[in-house]
Amino acid sequence: ILERIAVRKGQKIEVIPVDKVICIQAEGDYVMIYCDKGKFLKEQTMKSLEGSLPQDKFVRIHRSSIINIDYIAQIELYNKQSQMLNLKDGMQVKMSMSGYKSLKDKLGL
């Protein structure tokens, strides 16, 4: 289980504590990691990253999105069959039906 994620930013390497990660989104063969310091592109797949994140804090809500449940502000109905997740930083992320079920299980709803 990861405690921190190292990402390149130009010539530097940033180290992001996992508990500061707000959301992770797929970008082809890369992932975009959103945190309080900004956003960082990392060469890794969603599947490999998902398996090494703390399962009590992170949930995959869509095939292209993993979120940290500590940063959820609210869940709202988006369409008949989908929900929108509003995060504390103002970001909005669409959820799939299976992602919504996983999130409900994780939150005990």
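Higher on the page you've got the structure.
Definitions and cut-offs
- Residues numbered from 1 in each chain as written.
- Predicted model: local features only at pLDDT ≥ 70, side-chain atom pairs only at ≥ 80, totals over all residues.
- Heavy atoms only, no water.
- Helix = DSSP H or I, 4+ residues; strand = E, 2+ residues; numbered from the N terminus.
- Rg over C-alpha atoms; globule rule 2.2 N^0.38 Å.
- Buried < 20%, exposed > 50% of the residue type's maximum accessible area, 1.4 Å probe, protein only.
- Contact = heavy atoms within 4.5 Å.
- Areas by Shrake-Rupley, 256 points an atom, 1.4 Å probe, with all protein chains shown as cover.
- Lys, Arg positive; Asp, Glu negative; His and termini not counted.
- Charge placed at Lys NZ, Arg CZ, Asp CG, Glu CD.
- Pairing = 2+ DSSP bridges.
- Axes fitted to C-alpha atoms, helices over the stretch in contact; angles between N-to-C directions.
- Patch = residues over 30% accessible without salt bridge, like charges linked within 9 Å, V, L, I, M, F, W, Y side chains within 5 Å.
- Salt bridge = Lys/Arg side-chain N within 4 Å of Asp/Glu carboxyl O.
- Core = buried A, V, L, I, M, F, W, Y, C linked by side-chain atoms within 4.5 Å.

Engineer: Explanation requested: the overall build of the protein in the structure shown.
Structural biologist: The helix and strand inventory of the protein stands at 2 helices and 10 strands. Counting from the amino terminus, the protein carries its helices and strands in the arrangement β-β-β-β-β-α-β-β-β-β-β-α. Computed over the C-alpha atoms, the radius of gyration of the protein is 14 Å, within 12% of the 13 Å expected from 2.2 N^0.38 for a compact globule of 109 residues. Summarising its shape, the C-alpha atoms of the protein cover approximately 45 × 25 × 25 Å along the three principal directions. Across the 109 residues that make up the protein, the buried fraction comes to 39%. Residue pairs at least 24 apart in sequence account for 36% of intrachain contacts in the protein once pairs closer than 6 positions are excluded. When the accessible surface of the protein is summed, it comes to about 6700 Å², and 47% of that surface belongs to carbon and sulfur atoms. Looking at the protein, you have 18 positive and 13 negative side-chain charges, and the mean spots of the two groups are 3 Å apart.

Engineer: Sorry, what's going on with the sheet that holds strand β8 (residues 72-79) here?
Structural biologist: Strand-to-strand pairing in sheets goes through backbone hydrogen bonds, with the strands running parallel or antiparallel. Strand order in the open sheet formed by 3 strands is β8-β9-β10, with antiparallel pairing between adjacent strands. Strands with a single pairing partner mark the edges of an open sheet, and in this sheet they are β8 and β10 (92-95). Ignoring strand direction, the axes of neighbouring strands in this sheet form an average angle of 25°. Here 4 bridges tie strand β9 (residues 82-87) to β10, and the two strands are oriented antiparallel to one another. Looking across to β10, one finds that Q83 is bridged to M95.

Engineer: Help me understand the pairing of strand β1 (residues 4-9) in this model?
Structural biologist: If a strand is regular, its side chains alternate between the two faces of the sheet. The pairing of β1 with strand β2 (residues 12-17) spans 6 bridges and is antiparallel. Residue pairing in the sheet places A6 in a bridge with V15 of β2.

Engineer: Got a minute to help me understand the sheet that holds strand β3 (residues 21-27) in this structure?
Structural biologist: One open sheet accounts for 5 strands, arranged β5-β4-β3-β7-β6; its pairing is antiparallel. Two strands bound the open sheet, and with one partner strand each, they are β5 (38-42) and β6 (58-62). Neighbouring strand axes in the sheet, compared pairwise and without regard to direction, differ in orientation by 20° on average. Note: β6 against strand β7 (residues 65-68), 4 bridges, orientation antiparallel. Counterpart to F58 in the pairing with β7 is N68.

Engineer: I would appreciate a short explanation of a nonpolar patch on the surface in the present structure.
Structural biologist: A grouping of I75, L107 and L109 is seen on the molecular surface, where their side chains present a nonpolar patch of about 270 Å² in accessible area. In this fold, L109 is placed in the segment after α2 (97-107). For L109, a relative accessible area of 67% translates into the label exposed.

Engineer: Can you help me understand the pattern of salt bridges in this one?
Structural biologist: Oppositely charged side chains can pair when the atoms bearing their charge come close. Applying the stated rule across the entire model yields 4 salt bridges. In this structure, R4 and E3 form a salt bridge, with 3.6 Å as the shortest nitrogen-oxygen distance. Taking the shortest distance from any N to any O, the salt bridge between K57 and D70 comes out at 3.1 Å. Linking K57 in the loop between α1 (46-51) and β6 with D70 in the loop between β7 and β8, this pair joins segments that are 13 residues apart in sequence. What makes K57 partly exposed here is its relative accessible area of 32%.

Engineer: Quick question: what am I supposed to make of the nonpolar core here?
Structural biologist: Note that soluble globular proteins tend to have their nonpolar side chains buried in a common cluster. Ranked by internal contacts, the top residues of the largest apolar core, which has 16 residues, are C23, I61, I67, I72, L85, L87 and L103. For this core, the secondary structure elements donating two or more residues are β3, β4 (30-35), β6, β9 and β10. When neighbours within four sequence positions are excluded, L103 is seen to be in contact with V59, I61, I67, I69, I72, I75, L85 and M95. Grouped together as the second largest cluster of nonpolar side chains are 15 residues, V7, I16, V31 and L49 included.

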